[in-house]
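Structural overview for review
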Amino acid sequence: MSVTVYTKKDCPYCTKAKMLLTTKGIAYSELKLNEDFSRENLLELFPSAKTFPVVVIDGFNIGGYSELHNKLLSEETNNNMKLLNE
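Below, the structure is looked at part by part. Note that the coordinates shown come from a computational prediction; the quantities given were computed from them, not determined experimentally.

Focus on the sheet that holds strand E3 (residues 54–57)
One key point about sheets: their strands pair by backbone hydrogen bonds, in either a parallel or an antiparallel sense. On the basis of which strands lie adjacent, the open sheet formed by 4 strands has the order E2-E1-E3-E4 and mixed pairing. Each having just a single partner strand, strand E2 (29–32) and strand E4 (60–63) make up the two edges of the open sheet. Neighbour-to-neighbour, the strand axes of the sheet open up by a mean angle of 30°, direction not taken into account. As paired elements, strand E1 (residues 3–7) and E3 share 4 bridges and run antiparallel to each other.

Following this line, the structure appears as structure tokens:
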């Protein structure tokens, strides 16, 4: 799985997303606004991006921190259900 987090300076949700990924042991690459990309570049890649962070998993924009949190929570729940059913 390839995870990229597009961030900007002084963004609390960017920090939360990176901390969540780190806590879950998920490697990610971080790209920073005005260092690694411009707003125009980001909107060309992901026209629906409205806020930061922009979390991309395997090339698909899943959304921001809330969507990342929900995705990881549902995957964790699914994995726990699999364990309970084995």
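Brief notes about unusual backbone geometry
A cis amide bond, omega 0°, links Phe52 with the succeeding residue Pro53. Note on placement: Pro53 falls in the loop between helix H2 (39–45) and E3. With a phi close to 60°, Asp10 is a non-glycine residue in the positive phi region. Take Asp10: it is sitting in the loop between E1 and helix H1 (12–23).

Quick notes on the rules
- All residue numbers refer to position in the chain's written sequence, counted from 1.
- Thresholds applied to this predicted model are a pLDDT of at least 70 for local features of residues and 80 or more for the giving and counting of side-chain atom pairs; totals over whole chains, interfaces and linings are not thresholded and use all residues.
- Computation of side-chain values covers all heavy atoms of the structure but excludes hydrogens and water.
- DSSP-based pairing: two strands are paired if at least 2 bridges between them are found.
- The helix and strand labels rest on DSSP assignments: H or I over at least four residues marks a helix, E over at least two residues marks a strand, and numbering proceeds from the N terminus.
- Only C-alpha atoms enter the line fits that serve as axes; for helices the fit covers just the stretch in contact. Angles between N-to-C directions range over 0 to 180 degrees.

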